[in-house]
Amino acid sequence: MSTYIKSFLLALVLGTVVASYAQSVVAVEKVTITVSDLDSAVDFYTQVLDFQKAGEYALNAETTRRLFGFSNTHVTTRIAKLNLGNELIELMEFSGLAKGRQIPQDSRSNDLWFQHIAIVVSDMDRAYDRVYDAKVAHVSTSPQTLPAYIPAAAGITAFYFRDPDGHNLELIHYPKGKGNPKWQNNLDGRLFLGIDHTAIGIDDTGRGLAFYHQLLKLQVAGNSENHGTEQEHLNQVFGARLLITGLHVTKGFGVEFLDYIAPPGGRPYPADSTPGDLWHWHITFAVTKLAEIRDQLINNGHVVISRGILQLDDKQAILVRDPDGHAILLVES
């Protein structure tokens, strides 16, 4: 057993005995992605990937300033809601703000700002043809089927690519016996079925579990140590060996850690990031006892982006960062 797996198991055991003051996450509701042009982004997701636009809303300048921590008092937010199956994402564009920084062209999945959503497909060949015809930027050389020497992932086929703003997306196909059983019940013959998880680059699994498992109470669903030629061709990181940890709650899609054992050199999440930068994603978690969680985050030195807890529609909310810099929106359940 590798030292990384031993560390994972130790962290998991510790996570079951460390008390928390809050019940914490009860649902993973959605991910929200900053885009440069909302209308163009909606066109891509709906026309190429079969998302359905479920609506659109705006945040006024005061709410935008407080939620996202901007000093500019004239910035507003326009947000589109998109459904795929039972899952929801949002695409977000700011007005009155200088265009945010683009995702670095040499960005790789061992950089800590990395995040993607895994879009489940019923037929990988047809789905790949769809995105190939749309001339997407490839990350993977082609769809890769993971080998038998990775038992937890054997037989799963995946393909990484980028949307027009450079956000990483994954197509994933689960053979029978793998993944959530709901992905095998495609009674209406859809090609793009839904979102299985969002994956984030992290520096240390134990530290990630302390935040997401011990504090927020997501449950560990499993782990896998991935390596080999297929993994290299999947993410274009030569010599890749990574520990993957899946977490979930009873409602919503999963959260997946990507902890690179090798190679070294993954870059940190930029400390001066703002939600206007195009690498910004945030995951929305519905939680109980929001004020208590906020206090624990502050007491443990975590970054709070929002200017206090604020009201979003009929819910209280606050935007914070995890230990690696990824943004998460906590909303009172």
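Structural notes, computed from the coordinates. (Residues numbered from 1 in each chain as written. Predicted model: local features only at pLDDT ≥ 70, side-chain atom pairs only at ≥ 80, totals over all residues. Heavy atoms only, no water.)

Right, let's get into the environment of Arg-65. Inspection of the secondary structure assignment puts Arg-65 in helix H3 (residues 61-68). Placed 12 residues apart in sequence, Arg-65 and Thr-77 show a C-alpha to C-alpha distance of 9.7 Å. Among all residues touching Arg-65, those that are not within four sequence positions of it are Phe-70, Asn-72, Thr-73 and Arg-307. (Helix = DSSP H or I, 4+ residues; strand = E, 2+ residues; numbered from the N terminus. Contact = heavy atoms within 4.5 Å.)

Further remarks concern empty space enclosed by the protein. If you walk through the whole model with that rule in mind, you get 1 cavity of 30 Å³ or more. Approximately 70 Å³ is the volume found for the largest cavity. When the residues that make up the lining of the largest cavity are grouped by side-chain class, the tally is 5 nonpolar, 5 polar and no charged. (1 Å grid on protein atoms, 1.4 Å probe; cavity = no way out; pocket = protein on both sides within 12 Å on 5 of 7 lines; lining within 4 Å. Points joined across faces, edges and corners; volume = space filled by probe spheres on them. Nonpolar A, V, L, I, M, F, W, Y, C, P; charged D, E, K, R; others polar.)

Going through the model one piece at a time under the given rule, you end up with 12 aromatic pairs. Ring centres 6.2 Å apart and planes at 40° place the aromatic pair Phe-68 and Phe-70 in the tilted group. Like Phe-70, Phe-68 is buried. The interplanar angle of 85° and the centroid separation of 5.1 Å between the aromatic rings of Phe-68 and Phe-94 together place this pair among those described as edge-to-face. With Phe-68 in helix H3 and Phe-94 in strand E4 (residues 87-95), the pair connects residues that are 26 residues apart, well separated along the chain. Across the pair, exposure class does not vary: Phe-68 and Phe-94 are buried alike. Taken together, the ring pairs in this structure connect Tyr-128, Tyr-132, Phe-159 and Phe-161 into an aromatic cluster. (Phe/Tyr/Trp six-rings, centres within 6.5 Å; stacked < 30°, edge-to-face > 60°. Buried < 20%, exposed > 50% of the residue type's maximum accessible area, 1.4 Å probe, protein only.)

Looking now at the sheet that holds strand E14 (residues 281-288). In a beta sheet, neighbouring strands pair by backbone hydrogen bonds and run either parallel or antiparallel. Pairing is mixed in the open sheet, where 8 strands are placed in the order E2-E3-E4-E1-E14-E17-E16-E15. Of all strands in the sheet, those with a lone pairing partner are strand E2 (52-59) and strand E15 (310-312), marking the two edges. Neighbouring strand axes in the sheet, compared pairwise and without regard to direction, differ in orientation by 30° on average. Where E14 and strand E17 (residues 327-332) come together, 6 bridges link them in parallel fashion. (Pairing = 2+ DSSP bridges. Axes fitted to C-alpha atoms, helices over the stretch in contact; angles between N-to-C directions.)

By themselves these figures say nothing about function.
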